[in-house]
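# Survey of secondary and tertiary structure
The lines below spell out each chain.
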Number of protein chains: 2
Amino acid sequence: MTDGAREHCDLLIEAGHVVPVHPHGVVLADHAIAVSNGLVVAVLPTAEARTRFAAAQVVARPDGCVIPGLVNAHVHNPMTLLRGVADDLPLMEWLQGHIWPLEAQLIGPAFVADGISLAIAEMLRGGTTCCNENYFFPDVQAATYKHHGFRARIGLPIIDFPSAWARTDDEYFDRATEVHDQWRRDPLIATAFAPHAPYTVSDANFERIRMLSDQLDIPVHCHVHETEAEVGESVQKFGQRPLARLDRLGLLNDRLIAVHMTQLTDAEIAQCAERGVSVVHCAESNLKLASGFCPVAKLQRAGVTVALGTDGAASNNDLDMFGEMRSAALLAKGVASDPCAMDAATTLRAATLGGAMAMGMDHLVGTIEPGKQADLVCVDLAQVETQPLHHVASQLVYACGRDQVTDVWIGGHRKLDGRVLVDIHIAGLLANARQWRERIAGIKTR
Amino acid sequence: MTDGAREHCDLLIEAGHVVPVHPHGVVLADHAIAVSNGLVVAVLPTAEARTRFAAAQVVARPDGCVIPGLVNAHVHNPMTLLRGVADDLPLMEWLQGHIWPLEAQLIGPAFVADGISLAIAEMLRGGTTCCNENYFFPDVQAATYKHHGFRARIGLPIIDFPSAWARTDDEYFDRATEVHDQWRRDPLIATAFAPHAPYTVSDANFERIRMLSDQLDIPVHCHVHETEAEVGESVQKFGQRPLARLDRLGLLNDRLIAVHMTQLTDAEIAQCAERGVSVVHCAESNLKLASGFCPVAKLQRAGVTVALGTDGAASNNDLDMFGEMRSAALLAKGVASDPCAMDAATTLRAATLGGAMAMGMDHLVGTIEPGKQADLVCVDLAQVETQPLHHVASQLVYACGRDQVTDVWIGGHRKLDGRVLVDIHIAGLLANARQWRERIAGIKTR
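What counts as what
Residues numbered from 1 in each chain as written. Chains lettered and ligands numbered in written order. Predicted model: local features only at pLDDT ≥ 70, side-chain atom pairs only at ≥ 80, totals over all residues. Heavy atoms only, no water. Helix = DSSP H or I, 4+ residues; strand = E, 2+ residues; numbered from the N terminus. Buried < 20%, exposed > 50% of the residue type's maximum accessible area, 1.4 Å probe, protein only. Contact = heavy atoms within 4.5 Å. Areas by Shrake-Rupley, 256 points an atom, 1.4 Å probe, with all protein chains shown as cover. Lys, Arg positive; Asp, Glu negative; His and termini not counted. Charge placed at Lys NZ, Arg CZ, Asp CG, Glu CD. Axes fitted to C-alpha atoms, helices over the stretch in contact; angles between N-to-C directions. Parallel < 35°, antiparallel > 145°, perpendicular 65-115°, else oblique. Left-handed = near helix turned anticlockwise from the far one by under 90°. Nonpolar A, V, L, I, M, F, W, Y, C, P; charged D, E, K, R; others polar. Buried area = accessible area lost by both parts, 1.4 Å probe. Salt bridge = Lys/Arg side-chain N within 4 Å of Asp/Glu carboxyl O. Pairing = 2+ DSSP bridges. Polar contact = N/O pair within 3.5 Å; in protein donor to acceptor, adjacent residues only side chain to side chain. Phe/Tyr/Trp six-rings, centres within 6.5 Å; stacked < 30°, edge-to-face > 60°. Domains from an automatic or database assignment. Core = buried A, V, L, I, M, F, W, Y, C linked by side-chain atoms within 4.5 Å.

## Description of the overall build of chain A
Across its full length, chain A holds 15 helices and 16 strands. Once the C-alpha set of chain A is aligned to its principal axes, its extents read approximately 70 × 45 × 45 Å. For chain A, with 446 residues in total, the buried portion stands at 64%. Long-range contacts, defined here as pairs at least 24 residues apart, represent 71% of the contacts in chain A between residues at least 6 apart. Per element, the accessible surface of chain A, about 15200 Å² overall, is 51% carbon and sulfur. Of note, chain A has its 37 positive side-chain charges centred 2 Å away from the centre of its 53 negative side-chain charges.

## A short note on the packing of helix H12 (residues 321-336) of chain A against helix H13 (residues 344-358) of chain A
Describing two packed helices takes the angle between their axes plus the distance from one axis to the other. Residues and elements named next belong to chain A. Running from amino to carboxyl end, H12 crosses H13 at an angle of 135 degrees, the nearest separation of the two axes being 10 Å. Comparing their axes, H13 and H12 come out oblique. Classified by chirality, the crossing of H13 by H12 is right-handed. The residues of H13 that touch H12, namely those facing Met321, Met325 and Ala329, are Thr347, Leu348 and Ala351. In the contact of H12 with H13, the residues fall into five nonpolar, one polar and no charged.

## Examining the interface of chain B and chain A
The interface of chain B with chain A comprises 60 residues on the first partner and 60 residues on the second. Interface area, chain B with chain A, both sides summed: about 4900 Å², of which 60% is carbon and sulfur. In terms of surface lost to chain A, no three residues of chain B exceed B:Asp88, B:Val384 and B:His390, which account for 14% of the buried area on that side. Taken together, the connections running from chain B to chain A amount to four salt bridges.

## Topic: the pairing of strand E4 (residues 53-68) of chain A
Residue and element names in this part refer to chain A. Bridging between strand E1 (residues 7-18) and E4 involves 10 bridges; their strand directions are parallel. Each bridged residue has a counterpart across the sheet, and for Cys9 the counterpart in E4 is Ala55. As defined by bridge partners, E4 adjoins strand E13 (residues 376-380) across five bridges and the pair is classed as antiparallel. In the strand pairing of E13, Pro68 is matched with Leu376.

## Notes on the environment of A:Gly371
All names here are of chain A. On the secondary structure map, Gly371 appears in the loop between H13 and E13. Between the alpha carbons of Gly371 and Ala42 there is a distance of 8.4 Å; along the sequence they are 329 residues apart. The residues touching Gly371, leaving out its near neighbours within four places in the chain, are Leu39 and Val40.

## Topic: the side chain of A:Asp407
Residues and elements named next belong to chain A. By the element assignment, Asp407 lies in strand E14 (residues 405-410). The buried category is assigned to Asp407, whose relative accessible area is 0%. A polar atom in the side chain of Asp407 sits 2.5 Å from the side chain of Thr406. Within polar-contact distance, the side chain of Asp407 engages the backbone nitrogen of Gly418 at 3.2 Å. Ignoring anything within four residues of it in the chain, the contact list for Asp407 reads Arg61, Leu376, Val377, Cys378, Arg414, Leu416, Asp417 and Gly418.

## What about the packing of aromatic side chains?
Per the stated rule, a full pass over the model turns up 13 aromatic pairs over all chains. Each ring, one from A:Phe111 and one from A:Trp436, has its centre 5.6 Å from the other, and the planes form 70 degrees; the classification is edge-to-face. With A:Phe111 in helix H3 (residues 109-125) and A:Trp436 in helix H15 (residues 426-441), this residue pair connects regions lying 325 residues apart in the sequence. Residues B:Phe173 and B:Phe193 carry aromatic rings whose centres are separated by 6.2 Å and whose planes lie at 45 degrees to one another, so their mutual orientation is tilted. Residue B:Phe173 is located in helix H5 (residues 169-183), and its partner B:Phe193 is located in strand E8 (residues 189-195); the two are separated by 20 residues in the primary sequence.

## Details of the sheet that holds strand E13 (residues 376-380) of chain B
Remark on secondary structure: sheet strands pair via backbone hydrogen bonds, oriented parallel or antiparallel. Residue and element names in this part refer to chain B. Pairing is mixed across the open sheet formed by eight strands, whose spatial order is E3-E2-E1-E4-E13-E14-E15-E16. Edge strands, defined here as strands with exactly one partner in the open sheet, are strand E3 (39-45) and strand E16 (420-421). Packed on one face of the sheet, helix H3 (residues 109-125) meets strand E14 (405-410), strand E15 (413-417) and E16 and runs near 115 degrees to E14.

## So, the domain arrangement of chain A
Residue and element names in this part refer to chain A. Split by domain assignment, chain A resolves into domain 1 (2-68 + 374-411) and domain 2 (71-358). Averaged C-alpha coordinates put domain 1 and domain 2 at centres separated by 30 Å. Interface of domain 1 and domain 2: buried area, both sides summed, is about 2000 Å²; carbon and sulfur atoms make up 68% of it. Considering only the surface of domain 1 that becomes buried against domain 2, Val397, Tyr398 and Arg402 emerge as the three largest contributors, covering 36% of it. Applying the counting rule to domain 1 against domain 2 returns three salt bridges. Two residues, Asp375 and Arg151, come together in a salt bridge whose shortest N-O distance is 2.7 Å. Joining domain 1 to domain 2, the criterion identifies five residue pairs in polar contact (both at pLDDT 80 or more). Where the side of domain 1 that touches domain 2 is concerned, the elements lending two or more residues are E4, E13, helix H14 (392-399) and E14.

## Regarding the sheet that holds strand E3 (residues 39-45) of chain A
All names here are of chain A. Within the open sheet, the eight strands sit side by side as E3-E2-E1-E4-E13-E14-E15-E16. Their pairing is mixed. This sheet does not close on itself; its edge strands, each paired only once, are E3 and strand E16 (420-421). Two elements, E1 and strand E2 (residues 28-36), share seven bridges in a ladder whose sense is antiparallel. Its bridge partner being in E2, Leu11 is matched across the sheet by Val35. On the sheet, H3 packs against E14, strand E15 (413-417) and E16 and is oriented at approximately 115 degrees with respect to E14.

## Looking at the nonpolar core
A:Tyr145 and B:Tyr145 are the most contacted members of the largest nonpolar core, which has 241 residues in total. A per-element tally of this core places H3(A) first, with 10 residues. Excluding residues that lie within four positions of it along the chain, A:Tyr145 makes contacts with A:Val75, A:Asn77, A:Ile116, A:Ile120, A:Met123, A:Cys131, A:Glu133, A:Phe150, A:Ala152, A:Ile154 and A:Ile189. Listed in part, the 15 residues of the second largest apolar core include A:Val18, A:Val40, A:Ile368 and A:Trp409.

## Points about the environment of A:Ala328
Residue and element names in this part refer to chain A. By the secondary structure assignment, Ala328 is in helix H12. Expressed as a C-alpha distance, the spacing of Ala328 and Ala350, which sit 22 residues apart in the sequence, is 9.7 Å. Residue contacts for Ala328: discarding those within four places in its chain leaves His281, Ala283, Leu308 and Met342.

## Concerning the environment of A:Val384
As for its position among the elements, A:Val384 is in the loop between E13 and H14. Look at A:Val384 and you get buried, because its relative accessible area is 1%. For A:Val384, the residues in contact, after removing those within four places along its chain, are B:Arg83, B:Leu118, B:Ala121, B:Glu122, B:Arg125, B:Ile426, B:Leu429 and B:Leu430.

Take a look at the structure:
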């Protein structure tokens, strides 16, 4: 069957449907994706693809729908080991009585590597191929994501308190630039500054971040306006709302990945649009911690890039981007009192291209287009739960479960094959999780 | 291994955990459930169970957690065939421009039977064992649920308009009592009056329902206070809010299963508590149609029985009670601005015992207790997505996917065995769904 006239490609995925995300709203029936050297080469009708390409490998998924890999734009994946350890509590009791005391005992390279490994298995099984990480020990994070061939932007933490990662401001910055330097040319791993939040980072440190993020040309990933209390405290302490303070410090620009943003005036929304600030909406975390409601429909109408994030598994409690799409799409309608808010195609865009844009990675991922990385996810829609198949995008966002993900590729590498993780040993992962459960159960909290 | 001294039982399920729901909040480790003649005989430590019972069948699930079968307290399951057919539209355009014109062409015995069959497969795979049905052709509904051995309360529709089911008020009532009479002694199928909503049912018909529901001793399952517009229109037309009107007509009592209830004053909440009205909270449907927010935390605090329902697949778009638990628990916190609202155990209770109580079936189902029907669901918690296992109830509500359901029994009959549907032919079901897709695609709507 080889044919000298046909172009070689490494992989041809023939799918019942392809949703490339760009152009917006398009659903292609009986299309194929040709991949070579980790990049998408062409998206074309399957019949045409078979004539044009001689593929080293063909994966036929007649009942499958291929979408860009989902981008989880806000995670604290080491905290996956704390999933459900303290739920249904007031925010400060949760944080001060449980999460922080546990972290004080646990944070270190092993906790970070093991938590992220568990998270990667969950993310791959759920169709996520890229995440925006935000935790301590970015060196360990980067090595762990790299080891698993998982695409990530690693936050370089800055916080005004000593931690197991760094004791002083200078140490935080020194270690940050060190990690950045080590990974700056990696095709899979990138970095961002990750100042924890306006209420835990000083003006001086924010100014230093602004200067360095410009020099290093990396984003700034920060919790902003998560709760009403945070905004009130800032007004008391600084005489300014956090966004105004960040503006004064020169951070309100297209590098800023502002996470949560549940408290926004119309003027602030307009300002974010004008400055190119991206917003990561964490619908389920905001609900679970009763933080407030992010006005996503208004942000999207204003032209602000909206991405989706699960937040950490300690406040969600999963890394399920299918679930997060559904929650975000449903909640947007309720909050806007408008059943047309955040329709299915717009939601899928937020979970893919939106995340890539917010993270400054839309030249690499977020859509299925020639020249982009082959970060691809195939979903089986021929399941009882997504039948009849009247509208593909509706099924993906409103009905599809993450368990319907059959195949995942990152940069053309197969990571999930017919729902089996290609290079992760599940039994070992589960045994490790059980060990952490025992250890964590032995730590006395409030 | 037989032992004359041991009691016989038909089935012994040995599980890593059992959450019986009653007593509230209890999680039993390494417990077994003995079943005979379709009933739960005992719930006891596995070691003890092995000494006490000689079981005809033993099902060992050391990584499994057994919970009562989930009760979906509000469905329109024939509409499963319309899943995703018209999303992201304003309510009236959705209803008048799409759903009603489609239904006008489609409603009949085949649509009802095929939609419910597809729904039953989805419900069983997702751990639901009982539902509160509300649609036309209750005779076909009852026969279909019975055929599949699925527990249901069938709504006997009453609406002031002619339909394919009945043309006049008298015909609606005649056919209703006929269906009731046919099924009144069935162990699996029960009935309820199902007046569509206050805005589509006259005073005279409500009065007739009140009289007949008392005589026949069956509940009244009705959409109530779904939207602000509905309440406003009632005030204009009747000079009363719908709940006040139902009170005047004698329907505000412990027979009433009031669905949606997004518009409630504190006085109305107190009145519902006093009268024993049950509320079915459809979190995802209310969000998707932007109907408003049901104040579940307030209702629960007032002592009102709260059940959960998915609503029809045309407005959800799934029948996933695990997803609905998560949505309800998360949304309750956001709406109440209280992260302690609707905790995991309370949510699981609403999805089981709450539904059973609302439907007047808590003497049969809703908890795992000796003497109750063996409607049981086993969930595999040894999956990456629900590890580490710090708290069982948290994992069930906040992290577990419906795909983790491994086994389902209804009245002691195995319906799902290691994720395989015991007596449903999936390929036939999918072929049928494809036929309906073609047929529906051929119908011209707006």
